[in-house]
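Reading the structure
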Amino acid sequence: MVLFDTFEKAEYFWLYRDGETSFCGKNTDDFRKVLCAWNEMCSKARLLAPLAVGPSSVAEVEKMTHRGVWMEFMFNGTLSADGMSFDSLLVEVVPSAKGFNVIRHDMSREYAGRCFSVNLEEGDMSGVYEAVMNITKLF
């Protein structure tokens, strides 16, 4: 399976906006709108060679997600794409970004040291950013 095909398989995502958290389930309008914007963004994207970074603890990631806008796509079990396995995928959403890293979480409860790297070519993340900023129910 290729990375871009996996997001459709997400059961839900967590949205982290400046320390506030929202759950967005698969059968909601918000999920569909965000996924539509996500798929549009990825339609012309290109997967780059994986980046090798040190594994991050859950505490480190929680600290990161308290600043800015982040989405964590959650899956029902372990999936594999482009030779790397995961049970969730974490992405920082920056509207002007021309690319982004996708941080893998594995069943060991750690965020993996190798992550996916995506080049958006001529696009950016503004459509996804707008979609997630329109989600009003945060808890």
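Scroll up for the structure.
For the structure given in this document, a descriptive report is provided here. (Residues numbered from 1 in each chain as written. Predicted model: local features only at pLDDT ≥ 70, side-chain atom pairs only at ≥ 80, totals over all residues. Heavy atoms only, no water.)

1. Details of the packing of aromatic side chains
The final tally for this structure, using the stated rule, is 11 aromatic pairs. Three or more aromatic residues joined by ring pairs form one cluster here, namely F7, F13, F31, W38, F73 and F100. (Phe/Tyr/Trp six-rings, centres within 6.5 Å; stacked < 30°, edge-to-face > 60°.)

2. Re the packing of helix 2 (residues 29-42) against helix 4 (residues 126-133)
Relative to each other, helix 2 and helix 4 sit at 175 degrees, their axes nearing to 8 Å. Here helix 4 runs roughly antiparallel to helix 2, going by the angle between their axes. Every residue of helix 4 that contacts helix 2 at K33, V34, A37, W38 and M41 is listed here: G127, V128, A131 and V132. Its residues assigned to classes, the contact of helix 2 with helix 4 comprises seven nonpolar, one polar and one charged. (Axes fitted to C-alpha atoms, helices over the stretch in contact; angles between N-to-C directions. Helix = DSSP H or I, 4+ residues; strand = E, 2+ residues; numbered from the N terminus. Parallel < 35°, antiparallel > 145°, perpendicular 65-115°, else oblique. Contact = heavy atoms within 4.5 Å. Nonpolar A, V, L, I, M, F, W, Y, C, P; charged D, E, K, R; others polar.)

3. Focus on helix 2
If you check helix 2, its first and last C-alpha atoms are 20 Å apart, about what 14 residues at 1.5 Å a residue would give, namely 20 Å. F31, V34, L35, A37, W38, M41 and C42 are the residues of helix 2 that are buried. The buried residues of helix 2 occupy an angular sector of 160 degrees when the element is viewed end-on, so they sit on one face. With respect to the buried face of helix 2, the exposed residues turned more than 90 degrees away are D29, K33, C36 and E40. (Expected span 1.5 Å × (residues − 1). Buried < 20%, exposed > 50% of the residue type's maximum accessible area, 1.4 Å probe, protein only. Arc of directions from axis to C-beta.)

4. Thoughts on the side chain of E72
For E72, the position within the fold is in strand 4 (residues 69-81). In terms of polar contacts, E72 uses its side chain to reach the side chain of Y16, at 3.0 Å. Excluding residues within four positions of it along the chain, E72 makes contact with Y12, F13, W14, Y16, S88, L89, L90, H105 and Y111. (Polar contact = N/O pair within 3.5 Å; in protein donor to acceptor, adjacent residues only side chain to side chain.)

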